[in-house]
Amino acid sequence: MIKMPLKDIIEKITKLGVKANRMNSNKLLSLYTTYFTDMFEIDTSYLSPVMWFCGPFVLALIVLGTNDQMPFYDYYPKALEVTVLYILFPFLLCYFSGMFVLFSISGIKSHVNSGIQLNLIRIKPFLIIWLLISAVEILMFPGLPIFYAVAGGSKTYAEFGIPSVHGVANLLWLILTMIVYIRWRRGENDMRWLLIGLVSWPILCASRGLFMIMAFILLSVYLTLIHRIKLKFVLLLLIAMPIIYFGFGYIGEIRAKDFSLSMALRISDEISPAWLWFYVYLTSPLVNLANTLEMVPPSFSLV
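Conventions we followed
- Counting starts from 1 at the beginning of each chain's written sequence and moves along it residue by residue.
- Two thresholds apply to this predicted model, a pLDDT of at least 70 for residue-level local features and 80 or more for giving and counting side-chain atom pairs, whereas whole-chain, interface and lining totals are computed over all residues.
- Think of the side-chain values as coming from all heavy atoms in the structure, minus any hydrogens and water.
- Comment: elements are numbered from the N terminus, with helices defined as DSSP H or I runs of at least four residues and strands as E runs of at least two.
- The span expected for a helix works out to 1.5 Å for each residue beyond the first.
- Burial classes follow relative accessibility: with a 1.4 Å probe on protein chains only, a residue under 20% of its type's maximum area counts as buried, one over 50% as exposed, and anything between as partly exposed.
- What the arc covers is the set of directions going from the helix axis to the C-beta atoms.
- Any two residues having at least one pair of non-hydrogen atoms within 4.5 Å are treated as being in contact.
- Residues grouped as a nonpolar core are buried Ala, Val, Leu, Ile, Met, Phe, Trp, Tyr and Cys residues, joined through side-chain atoms within 4.5 Å.
- N or O atoms within 3.5 Å of each other form a polar contact, as long as, within protein, one can give a hydrogen and the other can take it, and as long as residues adjacent in sequence are counted only when both atoms are side-chain atoms.
- Here, a salt bridge means any side-chain nitrogen of Lys or Arg that lies within 4 Å of a carboxyl oxygen of Asp or Glu.
- Axis definition: a line fitted to C-alpha atoms, over the contacting stretch in the case of helices. Angles run 0 to 180 degrees between N-to-C directions.
- Less than a right angle of anticlockwise turn of the near helix away from the far helix marks a crossing as left-handed, whereas a clockwise turn marks it as right-handed.
- Throughout, the ten residues Ala, Val, Leu, Ile, Met, Phe, Trp, Tyr, Cys and Pro are labelled nonpolar, Asp, Glu, Lys and Arg are labelled charged, and all others, Gly among them, are labelled polar.
- Throughout, the term roughly parallel applies to angles under 35 degrees, roughly antiparallel to angles over 145, roughly perpendicular to angles from 65 to 115, and oblique to all others.
- As a per-residue measure, pLDDT tells how confident the predictor is, with possible values from 0 to 100.

## Considerations on helix α6 (residues 124-140)
1) Next: Compared with the 24 Å implied by 1.5 Å per residue over 17 residues, the 24 Å span of α6 between its first and last C-alpha is a close match.
2) Next: Residues of α6 that are buried: Leu127, Trp130, Ile133, Ser134 and Glu137. One side of α6 holds all its buried residues, which, seen down the axis, span an arc of 135 degrees. Opposite the packed face of α6, turned more than 90 degrees from it, sit the exposed residues Lys124, Leu132, Leu139 and Met140.
3) Next: Check the buried side of α6 and you find it contacts α8 (165-185) and α9 (192-204).

Pasting the structure below:
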């Protein structure tokens, strides 16, 4: 950004009819940046763990409950109950209780505000564990799902991995990807090849779900790390979103082959396949959970 004397900035703003007499230097520079450059400020107070955790659930509930013509609409009341009572309420209770305890301890507040010392976290043990689990899964499959997808084999990502263990491996992979990305963003260039390898994992697994989760997490981390974003980035994001949206549905149709999603859901085939795949991927986790709790009521007994 080109630096200009404060006097020149005041003159430019005054010509627009803005009275800046009561503004301090920081406010003037922020206003100038907003109107005269390709940058603008974003309020980072909204980019918190609460927003990133609760946002997808709120979006899923909105999509699930706004159209009574869609197949999962009847599950909305139960899904709402499950989301609020079993997911959001426990998370918010633990988060704010933890923050209250953390900030109540003398000396902790200043350390937390200075940022997490990610460079002190040893990622090598976690990386080795993830690699060992992935190697065993590849041998058992055998191979990688991408090879079967390209060659037209019958196996898919749904059959890949050791049950339960694969979920732990994916969690390790997500945590490693976030830490490595943040450290690379902070200037550790030796992390770039490891980051490329970790980001390539969803492609090797031929998993759209993993790829979308990773993209959302990395985008949230990126927006949390910076204090201002370029308009160019926003425009690229607006262009990328419909491409990803329709590409997501197109890939689903290719992978489904003779399978018809609209026929399986017993709805009109005039509805866009892209919207159907988006709808199913976004709402089905909540619907599955709500349906499971409806069929098998939770037992609070310790025996």
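## Some words on unusual backbone geometry
1) Next: At the junction of phenylalanine 141 and proline 142, the peptide bond is cis and its omega measures out at -10 degrees in the coordinates.
2) Next: With respect to the helices, strands and loops of the structure, proline 142 is situated in the loop between α6 and α7 (145-151).
3) Next: For serine 164, which is not glycine, the phi torsion reads 70 degrees and is therefore positive.
4) Next: By the element assignment, serine 164 lies in the loop between α7 and α8.
5) Next: Looking at serine 164, the relative accessible area reads 66%, which means it is exposed.

## A word on the nonpolar core
1) Next: Membership of the largest hydrophobic core comes to 31 residues, with the highest contact counts inside it found for Trp130, Trp173 and Trp201.
2) Next: Counting residues per element, the ones that place at least two in this core are α6, α8, α9 and α10 (208-225).
3) Next: For this core, the leading source of residues is α8, giving 9 residues.
4) Next: The residues contacting tryptophan 130, other than those within four sequence positions of it, are Ala169, Leu172, Trp173, Leu176, Leu198 and Trp201.
5) Next: Leu64, Ala79, Leu276 and Leu293 belong to the second largest nonpolar core, which has 21 residues in total.

## Let's talk about the side chain of serine 220
1) Next: Along the chain, serine 220 falls in helix α10.
2) Next: For serine 220, the side chain forms a polar contact with the main-chain oxygen of isoleucine 217, separated by 2.6 Å.

## Some details on the side chain of arginine 183
1) Next: Its location among the elements puts arginine 183 in helix α8.
2) Next: In terms of polar contacts, arginine 183 uses its side chain to reach the side chain of glutamate 188, at 3.0 Å.

## Examining the pattern of salt bridges
1) Next: Under the criterion given, the structure shown has 2 salt bridges.
2) Next: The residue glutamate 81 makes a salt bridge to lysine 78 at a minimum N-O spacing of 3.7 Å. With glutamate 81 and lysine 78 both in helix α4 (residues 76-104), this residue pair falls 3 residues apart, about one helical turn.
3) Next: Take lysine 78: its relative accessible area is 22%, and that puts it in the partly exposed class.
4) Next: Linking arginine 183 and glutamate 188 is a salt bridge whose minimum nitrogen-to-oxygen distance equals 3.0 Å.

## Remarks on α8
1) Next: Here α8 spans 30 Å end to end across 21 residues, near enough to the 30 Å set by a 1.5 Å rise per residue.
2) Next: Where α8 ends, the next residue or the one after it, glycine 187, has phi of about 110 degrees, a positive value.

## Some words on the packing of α8 against α9
1) Next: Taken N-terminus to C-terminus, the directions of α8 and α9 make an angle of 145 degrees; their axes are 9 Å apart at the nearest point. Along this stretch, α8 crosses α9, giving a crossing that reads as left-handed. Residues Asn170, Trp173, Leu176, Thr177, Val180, Tyr181 and Trp184 of α8 pack against Arg192, Leu194, Leu195, Leu198, Trp201 and Pro202 of α9.
2) Next: For the contact of α8 with α9, the residue count by class is 10 nonpolar, 2 polar and 1 charged.

## Thoughts on the packing of α6 against α8
1) Next: Across the interface, α6 lies against α8 with an axial gap of 10 Å and an inter-helix angle of 140 degrees. Taken together, the axes of α6 and α8 lie oblique to each other. For the pair α6 and α8, the sense of crossing is left-handed. Facing α6, whose interface residues are Phe126, Leu127, Ile129, Trp130, Ile133 and Glu137, α8 presents Val165, His166, Ala169, Leu172, Trp173 and Leu176.
2) Next: For the contact of α6 with α8, a count of residues per class yields 10 nonpolar, 1 polar and 1 charged.

## Observations regarding the confidence of the model for the protein
1) Next: Confidence in the prediction of the protein, expressed as mean pLDDT, is 75, and 67% of residues score 70 or more.
2) Next: The model gives residues 35-40 a pLDDT under 50, and that stretch makes 17 contacts with residues more than four places away or in other chains.
3) Next: Overall, residues 106-116 carries pLDDT values under 50, and its contacts beyond four positions in sequence, including any with other chains, amount to 7 contacts.

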